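# Summary of structural features
Residue strings, one per chain:
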Amino acid sequence: MMFQRTPMIAGNWKMNLRHSEATALIKTIRQGIEGLEGVEVLVAPPFTHLAVAREAIGDAPIFLAGQNMHWEMSGAFTGEISGRMLQGATCTHVILGHSERRTLFNETNETVDLKVRSATFLGLIPIVCVGETLEEREAGNTFDVLKTQLDGSLRNFKADQLMRPSTILAYEPVWAIGTGRTATPEQAQEVHRFIREWIETTFNTGTAAQVRILYGGSVKPENISDLMAQPDIDGALVGGASLKGDSFVQIIRYKGH
Ligand code: PGA
């Protein structure tokens, strides 16, 4: 029997929006998802907007996530935020290892692994991002790169031979992020399948059947249904199109009702 994974549509706001815009956006999302079932919705605002976002969310079924965190619980780490602080701000999830963190802020598989371990220890659900660059894809190295990222970013899970089934992975081909260039549904499916097989080989079939793998990179209302029709695509991590209420709601309502 096939395991039914609940789809998730996650909005990564990156470094965008004023407080007033965040409140308005969440209001639109709240109205747009009224009565909707069977899809999890998440937003990841900048740290300074978490309180405002929580206030706007109220008790609506919208998960709140951080976009990053430090692996230590507290200490002399100027400019950093701990997982505990995210929980204090009512976050249930945290995005880790986003390609912008990896390329612009020198994040490595090693630091992502420390963060994944810390988040999991605290009970925060990590959304761990992996993805190849255009050069890596064109050189035919996509799967090697992904394997290295998965092995490295989830090293502690591997060592424990345990990956919590609630863990979420996100495949975000770097060449498709913010470029308007989406991977074709078939290209994405091929990689999602590879990632699920990696989970199966590294852990077990049950975990592989339960872990959700989101696709990210220029997801829009126009391409979401074709992506979601692929058997191993369990949701989307949306950047640009998550900043506008109407387009984000259309993506969330990809099933058309
Ligand atoms: P994009 O960003 O949807 O603007 O391409 C996706 C992401 O970086 O998570």
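This text follows the structure it describes.
None of the values given here were measured: they were computed from a predicted structure.

Put simply, the largest pocket is a space of about 480 Å³. Considering every element that reaches the lining of the largest pocket, the biggest residue donor is helix 4 (residues 99–104), with three residues. Taken together, the residues of the lining of the largest pocket sort by class into nine nonpolar, six polar and four charged.

This part covers the site of the ligand. The full set close to the ligand counts 13 residues, and Lys 14, His 98, Glu 172, Gly 178 and Ser 218 are the nearest of them. Ser 218 is positioned such that a nitrogen or oxygen atom in its backbone is 2.7 Å from an oxygen atom of the ligand. Interatomic distance of 2.9 Å between a backbone N/O atom of Gly 240 and an oxygen atom of the ligand. Coverage of the ligand by the protein amounts to 95% of the 280 Å² it exposes when considered alone. Its residues assigned to classes, the shell around the ligand shows four nonpolar, seven polar and two charged.

Moving on to the side chain of Ser 82. Considering the arrangement of structural elements, one finds Ser 82 in the loop between strand 3 (62–66) and helix 3 (83–88). Judged by its relative accessible area of 3%, Ser 82 falls in the buried class. In this structure, Ser 82 is in contact with Met 69, His 70, Glu 72 and Met 73, ignoring residues within four places of it in sequence.

As a further point, take the nonpolar core. The biggest cluster of nonpolar side chains holds 61 residues, and the ones touching the most others in it are Ile 9, Leu 169 and Ile 199. The dominant element in this core, judged by the number of residues it contributes, is helix 9 (residues 185–202), at five residues. Beyond its immediate chain neighbours, meaning those up to four positions away, Ile 199 contacts Met 163, Leu 169, Asn 204, Thr 207, Ala 208, Val 211 and Ile 213.

To continue, consider the sheet that holds strand 7 (residues 212–216). Spatially, 1-2-3-4-5-6-7-8 is the arrangement adopted by the eight strands of the closed barrel, whose pairing is parallel. Looking at each pair of strands side by side, their axes are set apart by 25 degrees on average, direction ignored. Sheet strands touched by helix 9: strand 5 (125–130), strand 6 (168–171) and strand 7. Its angle to strand 7, the strand with the most contacts, is close to 150 degrees. Running at roughly 155 degrees to strand 1 (residues 8–12), helix 12 (residues 245–252) makes contact with strand 1, strand 2 (40–44) and strand 8 (235–238) of the sheet.

Okay, the environment of Pro 61 next. By the element assignment, Pro 61 lies in the loop between helix 2 (50–57) and strand 3. For the pair Pro 61 and Phe 121, spaced 60 residues apart in sequence, the C-alpha to C-alpha distance is 24 Å. When near neighbours in sequence (up to four residues on either side) are disregarded, Pro 61 contacts Ile 33 and Val 41.

Cut-offs used in this document
- Residues numbered from 1 in each chain as written.
- Predicted model: local features only at pLDDT ≥ 70, side-chain atom pairs only at ≥ 80, totals over all residues.
- Heavy atoms only, no water.
- 1 Å grid on protein atoms, 1.4 Å probe; cavity = no way out; pocket = protein on both sides within 12 Å on 5 of 7 lines; lining within 4 Å.
- Points joined across faces, edges and corners; volume = space filled by probe spheres on them.
- Helix = DSSP H or I, 4+ residues; strand = E, 2+ residues; numbered from the N terminus.
- Nonpolar A, V, L, I, M, F, W, Y, C, P; charged D, E, K, R; others polar.
- Near = heavy atom within 4 Å.
- Polar contact = N/O pair within 3.5 Å; in protein donor to acceptor, adjacent residues only side chain to side chain.
- Areas by Shrake-Rupley, 256 points an atom, 1.4 Å probe, with all protein chains shown as cover.
- Buried < 20%, exposed > 50% of the residue type's maximum accessible area, 1.4 Å probe, protein only.
- Contact = heavy atoms within 4.5 Å.
- Core = buried A, V, L, I, M, F, W, Y, C linked by side-chain atoms within 4.5 Å.
- Pairing = 2+ DSSP bridges.
- Axes fitted to C-alpha atoms, helices over the stretch in contact; angles between N-to-C directions.

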